[in-house]
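Breakdown of the fold
Here's the letter readout for the chains.
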Amino acid sequence: MQYVIQNISSLSDTDINKSMFLMLDNIADLPVHIGFLFNKRYYAVTANKVYSDVNAEVVLNNISKKKTPVIFYKLINNSAWSNCRIKDYFKNIRPLNETYYRQHTCLDPIAQLLSRLYEWTDSNAPGFENVFELLNKLYKYNIIQAVYHLHCEKYIVDDCIKLNTYTRQDTINKILRLIEANYVKGR
């Protein structure tokens, strides 16, 4: 099954300022990695590290240097939210090599954060099977304002990008491969 992403524009520097984005990082390598940009600060969790309050320019320069295909969903921003609130939330997040056995993925902390920020009372954020379910919820509540991309030109066909969907178990399997690769590399 495929998830269709439509109405995609190229990301510009002015789009990043004072905005909030859900990032689908490296769409060429499914399952994608999920990141979060808030007012030029980056948040994410990987197999070995938690990224909290990282300067977005560093992340965007790395994306540009590697030509990584990334999709950015611009979300409604609430001026009452702050980096301090998000940093505080990320203090308790652990790398996936410490939480994968509980079926945690890079999606979970960001889905839970969005659930708190948007005050979804009906949310079962940890239960999202994949980012596509989260995106469907964001669309349902009209939270997505625009969709942008960097380095995705070769994936755009007829003004849209089609991504193969995947399961939570597919994501866990990828995390396990990354943990194993890092373990072998560290020997």
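Just above, that's the structure.
A short tour of the structure in this document, coming up. Everything quoted here is computed from the prediction, not taken from an experiment.

**Some remarks on helix H5 (residues 131-140)**
- For H5, every residue scored as buried is listed here: Val-131, Phe-132, Leu-134, Leu-135, Lys-137 and Leu-138.
- One or two residues past the end of H5 sits Asn-142, with phi positive at roughly 55°.

**Side note on the packing of helix H4 (residues 107-117) against H5**
- Across the interface, H4 lies against H5 with an axial gap of 11 Å and an inter-helix angle of 15°. Classified by the angle their axes make, H4 and H5 are roughly parallel. Between H4 and H5 lies a crossing whose hand is left-handed. Residues Leu-107, Ala-111 and Leu-114 of H4 touch H5, and the partners they reach there are Val-131, Leu-134 and Leu-138.
- Considering only residue class, the contact of H4 with H5 consists of six nonpolar, no polar and no charged.

**Focus on the pairing of strand E8 (residues 144-150)**
- With five of seven residues buried, E8 is to be regarded as a mostly interior element.
- The sheet contact formed by strand E2 (residues 8-10) and E8 spans three bridges and is parallel. Residue pairing in the sheet places Ser-9 in a bridge with Tyr-148 of E8.
- As paired strands, strand E7 (residues 70-75) and E8 are joined by six bridges and run antiparallel to one another. Looking at E8, one finds that Leu-75 is bridged to Ile-144.

Procedures and definitions
- Residues numbered from 1 in each chain as written.
- Predicted model: local features only at pLDDT ≥ 70, side-chain atom pairs only at ≥ 80, totals over all residues.
- Heavy atoms only, no water.
- Buried < 20%, exposed > 50% of the residue type's maximum accessible area, 1.4 Å probe, protein only.
- Helix = DSSP H or I, 4+ residues; strand = E, 2+ residues; numbered from the N terminus.
- Axes fitted to C-alpha atoms, helices over the stretch in contact; angles between N-to-C directions.
- Parallel < 35°, antiparallel > 145°, perpendicular 65-115°, else oblique.
- Left-handed = near helix turned anticlockwise from the far one by under 90°.
- Contact = heavy atoms within 4.5 Å.
- Nonpolar A, V, L, I, M, F, W, Y, C, P; charged D, E, K, R; others polar.
- Pairing = 2+ DSSP bridges.

Interpretation in functional terms is not warranted from these geometric data alone.
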